[in-house]
Amino acid sequence: MTAKKKKVESPSVPTEIFAQVSPKSIGGRSLFEEGTLATSQNIQNYLSEKEVTLNAVEALKNAGFKVLQITNTTINISGSASDYKKAFGQEIIAEERESIKSGTEKEMVTYLDTTQNDTTGLIIPKSGKLANYIEGVALETPYYPFAPNYLPPTKDYWHLNVPGDVSVGCNADRAHRAAITGKGVHVAMVDTGFYKHPFFAQRGYRVNSVTLAPGTLNPLTDDSGHGTGESANIFATAPDCTLTPIKWNFVNSTAAFNSAVSLNPDIITCSWGSHRPNSINAAEQTLAAAIALAVARGIIVVFSAGNGHWGFPGQHPDVISAGGVYLGDNMSLRASNYSSGFDSNIYPGRRVPDVCGLVGQTPGAKYIMLPIQAGCDIDTDGAGGSHPAKDETGANDGWAAFSGTSAAAPQLAGVAALIKQACKRLSPSQVRDIMKSTAIDVTTGTSATGTSSTNGPDNSTGHGLINAYRAVLKAKLRCRFTVPPIVPPIIVVPPVVPPIIPPIIPPIVPPIIPPVLPPVTPPVVPVIPPIGPVITSEDINEGIRGNSDNFGFGDTKILMTDEEMDEAMRMVDDDQIDLDELM
Amino acid sequence: MKAVKQMNGTIVKKITIFTFICLAFFSCNTMKSTEEKNQEVTAEVTFLSATGQDPLNKQITSSNVMEFLPDDASVAAVRDYFEKQGIAFRYDQGISATITAERALFEKLFGVGLQRDKNHYMVKGQDNGLDIPLTNLPEAVKERLSNISLPDRMELF
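Calculation rules
- Within each chain, residues carry numbers counting from 1 in the order of the written sequence.
- Chains and ligands are labelled by the order in which they are written, letters from A for the one and numbers from 1 for the other.
- For this predicted model, a pLDDT threshold of at least 70 governs which residues receive local features, and a threshold of 80 or more governs which side-chain atom pairs are given and counted, while totals over whole chains, interfaces and linings are taken from all residues.
- Strands here mean DSSP runs of E at least two residues long; helices mean DSSP runs of H or I at least four residues long; both are numbered from the N terminus.
- Residues are defined as contacting one another if the C-beta atoms placed from their backbone atoms lie within 7 Å.
- The burial label depends on the number of other C-beta atoms within 10 Å of a residue's C-beta. Counts of 20 or more mean buried, 12 or fewer mean exposed, and intermediate counts mean partly exposed, with C-beta atoms placed from the backbone.
- Any two strands with at least two DSSP bridges between them are considered paired.
- All residues other than Ala, Val, Leu, Ile, Met, Phe, Trp, Tyr, Cys, Pro, Asp, Glu, Lys and Arg, Gly among them, are scored as polar; the first ten of these are nonpolar and the last four charged.
- How far a helix is expected to stretch is found by multiplying one less than its residue total by 1.5 Å.
- Confidence of the predictor at the level of single residues is given by pLDDT, which spans 0 to 100.
- For the purposes of this analysis, a nonpolar core is taken to be any set of buried Ala, Val, Leu, Ile, Met, Phe, Trp, Tyr and Cys residues that are connected through C-beta atoms within 7 Å.
- Of all possible arcs, the one meant is that of the directions from the helix axis to the C-beta atoms.
- Angular values range over 0 to 180 degrees, each being the angle between N-to-C directions of two axes fitted as lines to C-alpha atoms, with helices fitted over their stretch in contact.
- Each angle receives one of four descriptions, namely roughly parallel if under 35 degrees, roughly antiparallel if over 145, roughly perpendicular if within 65 to 115, and oblique otherwise.
- Helix crossings fall into two classes, left-handed where the near helix is turned counterclockwise from the far one by less than a right angle and right-handed where it is turned clockwise.

### Details of the overall build of chain A
- From N to C terminus, chain A includes 16 helices and 23 strands.
- Residue pairs in contact within chain A that sit at least 24 positions apart in sequence constitute 75% of those at least 6 positions apart.

### Brief notes about the overall build of chain B
- The secondary structure content of chain B amounts to four helices and eight strands.
- Tracing chain B from N to C terminus, the helices and strands come up as α-β-α-β-β-α-β-β-β-α-β-β.
- Looking at chain B residue by residue over its 157 residues, the buried ones come to 27%.
- Across chain B, contacts joining residues at least 24 apart in sequence account for 51% of those joining residues at least 6 apart.

### Some points on the sheet that holds strand β2 (residues 66-70) of chain A
All names here are of chain A.
- Across the sheet, which stays open at both edges, the five strands sit in the order β2-β3-β1-β7-β6 with antiparallel pairing between neighbours. Unpaired on one side and paired on the other, β2 and β6 (122-123) mark the two borders of the sheet.
- Pairing of β2 with strand β3 (residues 75-79), which is carried by four bridges, proceeds in the antiparallel orientation. Among the inter-strand pairings, Val67 is bridged to a residue of β3, identified as Ile77.

### Examining the interface of chain A and chain B
- Taken together, the contact between chain A and chain B spans 39 residues of the former and 36 residues of the latter.
- Sorting the residues of the side of chain A that touches chain B by element identifies α8 (253-262), β14 (272-275), α9 (282-296) and α11 (405-422) of chain A as the ones contributing at least two each.
- In terms of residue count, the dominant contributor to the side of chain A that touches chain B is α9 of chain A (11 residues).
- Taken together, the residues of the side of chain A that touches chain B break down into 17 nonpolar, 21 polar and one charged.
- Bridge analysis of β14 of chain A against strand β8 (residues 155-156) of chain B gives two bridges, and the strand direction is antiparallel. Looking across to β8 of chain B, one finds that Trp272 of chain A is bridged to Leu156 of chain B.

### What to know about helix α13 (residues 468-480) of chain A
Residues and elements named next belong to chain A.
- The first and last C-alpha atoms of α13 sit 18 Å apart over 13 residues, in line with the 18 Å expected at 1.5 Å per residue.
- With respect to burial, α13 is a largely interior element, 12 of its 13 residues being buried.
- Along α13, the residues classified as buried are Ala468, Tyr469, Arg470, Ala471, Val472, Leu473, Lys474, Ala475, Lys476, Leu477, Arg478 and Arg480.

### A word on the confidence of the model for chain B
- Per-residue pLDDT for chain B has a mean of 86; in total, 76% of the residues score no lower than 70.
- Predicted complex metrics record ipTM = 0.80 and pTM = 0.72.

### What about the sheet that holds strand β1 (residues 40-47) of chain B?
All names here are of chain B.
- Taken together, the five strands give an open sheet; going across it, the order is β2-β3-β1-β7-β6, and neighbouring strands pair in antiparallel fashion. For this open sheet the edge positions go to β2 (88-90) and β6 (131-132), each flanked by a neighbour on one side alone.
- With two bridges connecting them, β6 and strand β7 (residues 145-149) associate as antiparallel partners. When the bridges of β7 are listed, Asp131 appears paired with Ser149.

### Observations concerning unusual backbone geometry
Residue and element names in this part refer to chain A.
- The peptide bond linking Phe312 to Pro313 adopts the cis configuration, its omega dihedral lying at 5°.
- Following the sequence through the fold, Pro313 ends up in the loop between β16 (311-312) and β17 (320-327).
- With an omega of 0°, the peptide bond between Val352 and Pro353 qualifies as cis.
- One can find Pro353 in the loop between β20 (351-352) and β21 (355-358).
- Of note in this structure, Met331 is not a glycine but carries a positive phi near 70°.
- With respect to the secondary-structure elements, Met331 resides in the loop between β17 and β18 (333-335).

### With respect to the environment of Ile577 of chain A
Residue and element names in this part refer to chain A.
- Considering the arrangement of structural elements, one finds Ile577 in the loop between α15 (562-573) and α16 (579-582).
- Overall, the presence of 22 C-beta atoms within 10 Å leaves Ile577 in the buried class.
- Along the backbone, Ile577 and Leu473 are 104 residues apart, and their C-alpha atoms lie at a distance of 8.8 Å.

### Here's the deal with the nonpolar core
Residue and element names in this part refer to chain A.
- Formed by 143 residues in total, the largest nonpolar core has its most connected members in Val302, Leu412, Val415, Ala416, Leu418, Ile419 and Val472.
- With sequence-adjacent residues up to four places away left out, Val472 is seen in contact with Ala175, Ile180, Leu418, Ile419, Ala422 and Leu579.
- In terms of nonpolar packing, the next biggest core, distinct from the first, is built from 20 residues, Ala19, Ala59, Ile123 and Tyr133 among them.

### Quick word on the confidence of the model for chain A
All names here are of chain A.
- Here chain A averages 87 in pLDDT, while 83% of its residues score no lower than 70.
- Segment residues 525-536 is flagged for pLDDT under 50; beyond a separation of four residues in sequence, or across chains, it makes 13 contacts in the model.
- Here residues 541-557 is a poorly scored stretch, pLDDT under 50, and it has 17 contacts once near neighbours within four places are set aside; other chains count.

### Side note on helix α2 (residues 81-88) of chain A
Residues and elements named next belong to chain A.
- Restricting attention to buried positions, one finds in α2 the residues Tyr84, Ala87 and Phe88. For α2, the angular spread of buried residues about the axis comes to 75°, placing them on one side.
- Those residues of α2 that are buried are in contact with β1 (17-23), β3, β6, α3 (129-133) and β7 (134-139).

### Comments concerning the packing of helix α12 (residues 428-438) of chain A against α13 of chain A
Residues and elements named next belong to chain A.
- As a packed pair, α12 and α13 sit with axes 9 Å apart at the nearest point and diverge in direction by 130°. Between α12 and α13, the interaxial angle falls into the category oblique. With respect to the hand of their crossing, α12 and α13 are arranged in right-handed fashion. Taking contact as the criterion, the partners of Ile434, Met435, Ser437 and Thr438 in α12 are, on α13, Arg470, Ala471, Lys474 and Ala475.
- The class makeup of the residues in the contact of α12 with α13 is four nonpolar, two polar and two charged.

### Topic: the pairing of strand β5 (residues 120-123) of chain B
Residue and element names in this part refer to chain B.
- Bridge count between strand β4 (residues 114-117) and β5: four bridges; the pairing is antiparallel. Note that in β5 the partner of Arg116 across the bridge is Tyr121.
- Turn length for the β4-β5 hairpin, with the two strands adjacent in sequence and antiparallel, is two residues, and the turn residue Lys118 shows positive phi of about 55°.

### With respect to the environment of Glu140 of chain A
Residue and element names in this part refer to chain A.
- As for its placement among the helices and strands, Glu140 is situated in the loop between β7 and β8 (160-161).
- We classify Glu140 as partly exposed; it has 15 C-beta atoms within 10 Å.
- With 441 residues separating them in the primary sequence, Glu140 and Glu581 have C-alpha atoms 63 Å apart.
- Beyond its immediate stretch of four places on either side in the chain, Glu140 contacts Phe18, Ala19 and Gln20.

Set out below in structure tokens:
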């Protein structure tokens, strides 16, 4: 029995109040007597004789209660507060008390009680017919489902867990160990909302309050589960970034995207879109403009390419288009046959995707075990069968295996956060270029749209699987060495020399004195200063290992050509340069 | 006489049942209709650019988007008009603003019939069902706009 706790305030009493009524027990001792602990050893003492139970039922019905269930020990009833008052002479009061509903945070919970005794919710009939058959009435206490586990359920089929497997699969662990974790970088995600799953609280991830985009309600719930699950993919690659979820309603998309822009984040990630092989409609054109404007203002925008769709905005030229690569149980990489890859008909020359995250295979791509709101759509849809058709988790356990390019976009957004932490001043297109140029080429497999992976960039996986560590290294190098701007060829125009006109000789010729000619001056050729010292591998090493002031944003800037950057990246690949040394 | 009484009784019963069914049907329809009229409809209002360009069917990217932005006067004039009609108007950035109103007001103002499909609306009797005709708008507003369109429902990827 619960001892009374601190009373805070009096909320309203519900119109229908449920209770368990205990008819007089066979053993003569009340189930509600202080110190009673009902166990399998003594429960027979608290059963009631059938006749007593039936009389109690009759008396309760006569008092106006609904009898909902009858067992050997208790009778379940419901009635209004006035029914209880008339039958037992007790005023029912509602109290808010501190309790734990879900997760580890304390919240206020409404309890029903009377002033009759010290045991919460207990009424003991003192007189009348009811007192003859009934030893006590226990007002029902609110119960809450236990919060989902912060660790995922164990399943036998091949799948990835967050954060660990996704992080290592995207080669982000090595960047994290060099303290590149996305700290100080703000990511906004437009999706179905965010539920405070213990997975996030337990790991101390930074999640701001949900921003409600126009046309949405309930900032604390994510009835779909999609937004919550995809958030975990961001933190898998950027555990220290700050996330702001923006809840959207599937329709009011431009306004939702603009809500994200108004927060002025570093990165916006969206795991949705429409199937647009040939054209976009007017409202989508407004979204295209909103994306273009965000990128023009320096915000990195990531969109999923689609799962067999010709995804828009995943094909917009300004976004980082996220495709899918499948990492098999033998560590092999192939194009995910669930993900889209195509050449855009709307934006000629646009190849989709740019680069890939980790995505499962058909059917269903049930591949990454992600935390979601217990009992949400994804939780119930995936439950109740065996993999690969279903995910083999419970329908109400707060975990589900799913992916699609929905998972790839937040993984890439996380890597973009790492890149921004490594080199804040990079523009969205520079970040994309770094991701593309450092990705792992994927040479086998066919996308959901029928395009095949080949050597080098292709329209199946783009430049391949994201390689967070290499991307961060390259970003760091970019910040330390300034790549020279392309200088147009200087055409040296010789000075215009006026034609020498011979003097007109008058008819009367005085004695001819030869004119004194000025000395001939050679044309002035402008001296072009050298672009910068030529960088060698030794210089790179020295620069990296030396005083960063000489190679960073200080007075001395060393210029680096693309070839030299390639050479530096080769050294990275040979483990001659380590990110730790760049820090 | 008895047969006539019986027949009358049957007729009364039938009329009562018929009336009840009619009332139930009417009341259900009225409830449904009221509920539908109260539902919110959202549309994107696209402006002509400050230089009069129509941004529709252009490839808008970060390199040219500034050319398509409307001027402040256009946004203010269109905002003023819609807010006076009782329609919520929101402009954050870009080439468009979002307007939101109850379905009945929307249908009345634009002179269209709307039909609901999941949680988005379409214009009845139109090919793509997304374009809102500008014909009912005053010239001073119309001349600043490219189009008004209902957004399509997006899919989760």
